[in-house]
Amino acid sequence: MPEKTLLEALAEVPDPRAVTSMSQSWADAAGSLVTTAADLATFWRELERGSLLKPEQMAELHRAVPAPPFDGLWPGVRYGL
């Protein structure tokens, strides 16, 4: 059986706002998250409250690391949250 076309698949989506034509895959680790602003705010709030990760994981998440490729543009810049 052939795969559905995009239009056929979209016709079955109960909330058409749940899809997007944009892809962030060009940015590598940016992912391709499709969400609403409210859901993203809820996720980020719970993440920062510590309800999603262990304290050690949160510390690692917030640990900034050197970003040498950008030193010429912005000396001392670091990757991290």
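It should be emphasised that the depicted structure is a prediction, and the values quoted were computed from it without experimental measurement.

Note on pairing: side chains with opposite charge can pair once their charged atoms come close. The final tally for this structure, using the stated rule, is two salt bridges. For Glu46, the salt bridge is made with Arg49, and the minimal N-O distance between the two is 3.1 Å. Of this pair, Glu46 and Arg49 are both found in helix H2 (residues 37–49), three residues apart, which corresponds to roughly one turn of the helix. One salt bridge in this structure joins Glu60 and Arg63, with 3.0 Å as the shortest N-O distance. Glu60 sits in the partly exposed class, given a relative accessible area of 46%. Arg63 sits in the partly exposed class, given a relative accessible area of 46%.

Moving on to a nonpolar patch on the surface. Together, Leu40, Phe43, Trp44, Leu52, Leu61 and Leu81 make up an exposed nonpolar region whose accessible area comes to about 560 Å². With three residues, the top contributor of residues to the nonpolar patch is H2. Within the secondary structure layout, Leu61 lies in helix H3 (residues 55–62).

This part covers the environment of Glu48. Mapped onto the fold, Glu48 is located in helix H2. A relative accessible area of 37% places Glu48 in the partly exposed class. Once the C-alpha coordinates of Glu48 and Met58 are considered, the two residues, ten residues apart in sequence, prove to be 8.2 Å apart. The residues contacting Glu48, other than those within four sequence positions of it, are Met58 and His62.

Rules of the game
- Residues numbered from 1 in each chain as written.
- Predicted model: local features only at pLDDT ≥ 70, side-chain atom pairs only at ≥ 80, totals over all residues.
- Heavy atoms only, no water.
- Salt bridge = Lys/Arg side-chain N within 4 Å of Asp/Glu carboxyl O.
- Helix = DSSP H or I, 4+ residues; strand = E, 2+ residues; numbered from the N terminus.
- Buried < 20%, exposed > 50% of the residue type's maximum accessible area, 1.4 Å probe, protein only.
- Patch = residues over 30% accessible without salt bridge, like charges linked within 9 Å, V, L, I, M, F, W, Y side chains within 5 Å.
- Areas by Shrake-Rupley, 256 points an atom, 1.4 Å probe, with all protein chains shown as cover.
- Contact = heavy atoms within 4.5 Å.

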